[in-house]
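Survey of secondary and tertiary structure
Here are the chains, one letter per residue:
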Amino acid sequence: MPVPSPFIVRKAAVLGAGVMGAQIAAHLVNANVAAVLFELPAKEGDPNGNVQKAVDNLRKLEPSPLATAGRAAFIQVANYEQNLEVLKECDLVIEAISERMDWKSDLYNKVAPYIGDQAIFATNTSGLSIRKLSEFLPQEMRERFCGVHFFNPPRYMHLVELIAAPQTDASILDGLESFLVTALGKGVVRAKDTPNFIANRVGVFSMLATIHHAEQFGISFDVVDALTGTLIGRPRSATFRTADVVGLDTFAHVVNTMKETLPDDPWYRYYELPAWLNTLIEQGALGQKTRRGVYQKVGQDIHVLDPASGQYRPSAAKADDAVVEIMKTPVPAERLRQLHASSHPQARFLWSVFRDSFHYCAVHLADIASNARDLDCAIRWGFGWNQGPFEIWQAAGWQRLAGWIAEDVAADRAMAKVPLPHWVSEPGRSGVHSDEGSYAPASGTDQPRSKLPVYRRQAFPDRLIGETARYGDTIFETDAVRCWHTRDDIAIVSFKSRMHTIGDDVLDGVLQALDEAERSYLGLIIWQTEPPFSVGANLKKTPAGGARSRPSALGRFVRLVKREAGSMVLKAARQLGVADQLMAGRLAEVERLVEQFQATTQGLKYSMIPTVAAVDGLALGGGCEVIMHCDRAVATLESYIGLVEAGVGLLPAGGGCKELALRAVADAKGGDISPFLQKYFKAAAMAEVSRSAEQAREIGYLQPTDRIVMNRFELLEIAKAELRALAAGGYRPPLRPVAIPVAGRSAIATIKAFMANLLEGGQISEHDFLIGSKIATVMCGGDVEAGSMVDEQWFLELERRHFMELIATEKTQARIEHTLKTGKPLRN
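Throughout what follows, the structure given in this document is the object of discussion. It should be emphasised that the depicted structure is a prediction, and the values quoted were computed from it without experimental measurement. Per-chain numbering applies: the sequence of each chain, read as written, is numbered from 1 onward. Two thresholds apply to this predicted model, a pLDDT of at least 70 for residue-level local features and 80 or more for giving and counting side-chain atom pairs, whereas whole-chain, interface and lining totals are computed over all residues. To get the side-chain values, take all heavy atoms of the structure and skip hydrogens and water.

**Some thoughts on the packing of helix H6 (residues 199-217) against helix H9 (residues 248-261)**
Two numbers describe how H6 lies on H9: the axes approach to 11 Å, and their chain directions differ by 100 degrees. In this view, H6 runs roughly perpendicular relative to H9, as classed from their interaxial angle. For the pair formed by H6 and H9, the contact residues are Asn200, Arg201, Val204, Met207, Leu208 and Ile211 on the first element and Phe251, Val254, Val255 and Met258 on the second. Gly is placed with the polar residues, together with every amino acid not listed as nonpolar (Ala, Val, Leu, Ile, Met, Phe, Trp, Tyr, Cys and Pro) or charged (Asp, Glu, Lys and Arg). Residues belonging to the contact of H6 with H9 are distributed by class as follows: eight nonpolar, one polar and one charged. Note on geometry: axes are C-alpha line fits, over the in-contact stretch for helices, and angles between N-to-C directions span 0 to 180 degrees. The helix and strand labels rest on DSSP assignments: H or I over at least four residues marks a helix, E over at least two residues marks a strand, and numbering proceeds from the N terminus. What sets the label is the angle itself: under 35 degrees gives roughly parallel, over 145 gives roughly antiparallel, 65 to 115 gives roughly perpendicular, and the rest give oblique. Note on definitions: a residue-residue contact is assigned when non-hydrogen atoms from the two residues lie within 4.5 Å.

See below:
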């Protein structure tokens, strides 16, 4: 019986508590989906001992598969001997046991009688035949069976491949896709039932081509990783580090699946595992999980395998400067032209890897995917490439590269019988992606994006090259911000600065957007077209596009102190008695910026229209303070939020300390504030950054009323819905509090005593103690009696005063300068 629409998952079961199964269950509870995790019963003790151990291990993994550690408690544990009846309560059952056909067959026979009449049964196999697996099930279950392939780690990898069996009902796939997209936040690609589906087929082939050509050109493993990581738009783990992270045994299994099932593949010779890899697996050196693989850590040093000797040596090699310069060429067509023309072995290696990937994808597209978009998205979402293979090809000049590929293929005796498909060189073809859709080999036309209703929630889906970016109609635009709308009654403001940092120009733009919204719109949303939300104050003052410009007020002050302190100019100024005025002028400029920041955040809080922060990715320092002052935050699960000013020797002065103090007062509900204040003090003093939006709520950066969404491409739509709900309720800004009770000097003394113990134990420095003391002073309301009544302006003035006192210290200046130079915090 087909699943009714919409497909509702009240409870899901995961069969198999291995690495993938346990983490899939974790992500289900992250999404508030009740989950039960099954495993074989323990031979001794508690029958659920095996599965409970798997759940306990989730708390130890990094990065954490759990949104918060407490989520593990929501995973129900079960075993196949005692708890199969629980399956009848489940709307979705996902099998995630080892990749053994015989084991899966036995399990399917065991669980089939307990799966509900309308439940979907899916396998998380990474590449086994879905058709063959479906044959293990009773006939009446086969229309409700499919493949649903998550990528590791399931919380963080956006891709899920959905694969139909021959009898799968179409409505099953549509319902499951909608659930995966909205409830779990995934990017779904429909794959054909071929070995390893799309992402592993193409991604693993690319790794095999890399291994093949590394041997051909005599390039060491660490140099290969230097060449095939971020330099070419792929993850830092590159090739061999990725194999270590995945597990060399797992990598070998995927390769062997290709070898066993693709005997007629033109690239079949690439599917032969090299001797060094087989040797490592035989030795039990499986990569990261065994602490030895292609790489191993020796003391504090990383060593890499030399396949010729079988021994490890220190890893210190890097890509040649000449090749690095080629890959830094900003224009893709010129970059690939130089790579193709170069005689440098590393350049020839990279060209060969690119060429093989392009050739492979063109030849196999019709076999493994419905269209080029699915292939490119699968590689981007499943392997972390910045662009998919077809996107890289299209950006570099489709026809010219096709000619070069054809020349190389014709010159290779082994590949001469495998020309590029005819569609590649069709007259007028400049690529495979356009606004009309992506090339689909079955029809020979461009196939538009899915029309499933769930995608109406994505006004701006993940865009491919060839698709025009159309972000609504402009209301006004400056060098720092753009205020715009989507032809409705909601204004949106987006930052244009690098990493969406906040300088005086951004603050001016936000205030202007508030004025526009109050005059003509229902409300204002702060949303960025790409993450992060904002990494905070702009220390460098680099404008959009990365062009050089004047430094920020804060940066100018620090550079004045650091670069001119020993100069003749400052010496002369000191002799003339004007040095203090010179410094005071710079300090006054910084103070004006702080005042402007406070005015902006207060404007967001007390505007006559509702304000919503739509948050994705990093939201640090001033970015966090902006969120805290909006009427509502809507944040993706993968939002990492924190007040990090203490890390550069400062304190939150854009209203952050004030808002934390107000939250402590609200939590106290008229009682003693001090116990509630300690939690918020810790967050600010330790520059605590959440590892998820859920944890940001636990810390207190987000409020209980703020919304958390799973799919970042639905963020703007949900932010609009929240804003409309606020407006529909007859929105009025909160009243300004005029009598806020404070914890006062006694609470300051308590916090200082706590920090004194940390200082004595060597856990914090003297400057950390100073910073913490000033944060405590601000959040406790200053040197006043406990219970004294103040207003918000009192807190804001305390923030400014203590911020300015900190920035005048040499150690804070050193922290800021170090961060500007290295991007890392300094502990002094």
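**With respect to the packing of aromatic side chains**
Planes of paired rings set the category: under 30 degrees apart is stacked, over 60 is edge-to-face and the rest tilted, where pairs are Phe, Tyr or Trp rings (Trp by its six-membered ring) whose centres lie within 6.5 Å. Counting across every chain of the model gives 29 aromatic pairs. An angle of 75 degrees between the planes, with centres 6.2 Å apart, marks the rings of Phe7 and Phe179 as edge-to-face. Taken together, the residues Phe7 in the segment before strand S1 (11-15) and Phe179 in helix H5 (residues 170-182) connect sequence positions 172 residues apart. The same class applies to Phe7 and to Phe179, which are both buried. Through successive ring pairs, a cluster of aromatic residues spans Phe354, Phe358, Phe390, Trp393, Trp398, Trp423 and Tyr439. Both a distance and an angle decide whether a charge sits over a ring: NZ of Lys or CZ of Arg must be within 6 Å of the ring centre and within 35 degrees of the ring normal. Positioned over the ring face of Tyr295 is Arg241, at 4.0 Å from the centre of the ring. We note Arg736 situated over the ring of Tyr606; from NZ or CZ to the ring centre the distance is 4.1 Å. Exposure is judged per residue with a 1.4 Å probe applied to protein chains only, and the accessible area is read against the type maximum: over 50% gives exposed, under 20% gives buried, and values in between give partly exposed.

**Considering the sheet that holds strand S11 (residues 311-314)**
For two strands to count as paired, DSSP must find a minimum of two bridges between them. Pairing in this open sheet of three strands is antiparallel, and the strands run S9-S10-S11 from one edge to the other. If you trace the sheet from one side to the other, it starts and ends with strand S9 (295-298) and S11, each paired once. In this sheet, adjacent strand axes meet at a mean angle of 40 degrees when their direction is disregarded. Sheet topology places S9 next to strand S10 (residues 301-306); four bridges connect them, and they run antiparallel. Note on S10: the bridge partner recorded for Lys297 is Ile302.

**Concerning the nonpolar core**
Formed by 129 residues in total, the largest nonpolar core has its most connected members in Phe179 and Leu180. Only buried residues count toward a nonpolar core, which is a set of Ala, Val, Leu, Ile, Met, Phe, Trp, Tyr and Cys residues joined through side-chain atoms within 4.5 Å. Judged by nonpolar contacts, the second largest core, of 117 residues, contains Tyr80, Ile115, Phe221 and Ala372.

**Some details on the pattern of salt bridges**
The salt bridge criterion pairs a side-chain nitrogen of Lys or Arg with a carboxyl oxygen of Asp or Glu, the two atoms within 4 Å. Across all of its chains, the model carries 46 salt bridges by this definition. Notably, a salt bridge pairs Glu99 with Lys104, separated by 3.3 Å at the nearest N-O pair. The salt bridge partner of Arg429 is Glu426, with a shortest N-O separation of 2.9 Å.

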